[in-house]
Amino acid sequence: MSKHCQVTGSRAGVGNSVSHSHRKTRRRFNVNLQRKTYWIPSLGRRVTLTVSARGIKTIDRRGIDSVIAELIQIGEIRP
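Residues numbered from 1 in each chain as written. Predicted model: local features only at pLDDT ≥ 70, side-chain atom pairs only at ≥ 80, totals over all residues. Heavy atoms only, no water.

A. Representation of the overall build of the chain in the model. A tally of helices and strands in the chain yields two helices and four strands. Taking 2.2 N^0.38 as the reference for a compact globule, 79 residues should give roughly 12 Å; the C-alpha atoms of the chain span a radius of gyration of 16 Å, well beyond that estimate. The principal-axis extent of the C-alpha atoms belonging to the chain is close to 55 × 20 × 15 Å. The buried share of the chain, reckoned over its 79 residues, is 27%. Long-range contacts, defined as pairs at least 24 residues apart, comprise 35% of the intrachain contacts of the chain with a sequence gap of at least 6. Carbon and sulfur atoms make up 47% of the accessible area of the chain, which totals about 5,900 Å². (Helix = DSSP H or I, 4+ residues; strand = E, 2+ residues; numbered from the N terminus. Rg over C-alpha atoms; globule rule 2.2 N^0.38 Å. Buried < 20%, exposed > 50% of the residue type's maximum accessible area, 1.4 Å probe, protein only. Contact = heavy atoms within 4.5 Å. Areas by Shrake-Rupley, 256 points an atom, 1.4 Å probe, with all protein chains shown as cover.)

What follows is the structure in structure tokens.
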């Protein structure tokens, strides 16, 4: 499982961790990923997605059917 959101495509970012004395070391800003299982009425089955918190909000706003149709079209999941 790669560490990216299947809906938004967001991945971990990189930057600096800055101490009190302003020494800088490289660090990662990881995405808040969750494994969520959704029931898809049009497919008649459940689909497990790796989504970020923003991806969950996108699914709530647009609807699971339209998001799944787009993921099938780009090849992220199988029909």
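B. Inspection of the nonpolar core at higher detail. Residues Tyr38, Leu49, Val51, Ile59 and Ile68 are the most contacted members of the largest nonpolar core, which totals 14 residues. Of all the secondary-structure elements, those providing two or more residues to this core are strand 3 (33–40), strand 4 (45–52), helix 1 (53–62) and helix 2 (64–74). Here Ile59 is in contact with Val7, Tyr38, Leu49, Val51, Ile64 and Val67, once residues within four sequence places are set aside. (Core = buried A, V, L, I, M, F, W, Y, C linked by side-chain atoms within 4.5 Å.)

C. Structural view of unusual backbone geometry. For His22, which is not glycine, the phi dihedral falls at a positive 65°. By the element assignment, His22 lies in the loop between strand 1 (13–18) and strand 2 (24–29).

Scope: geometric values only; no functional claims are made or implied.
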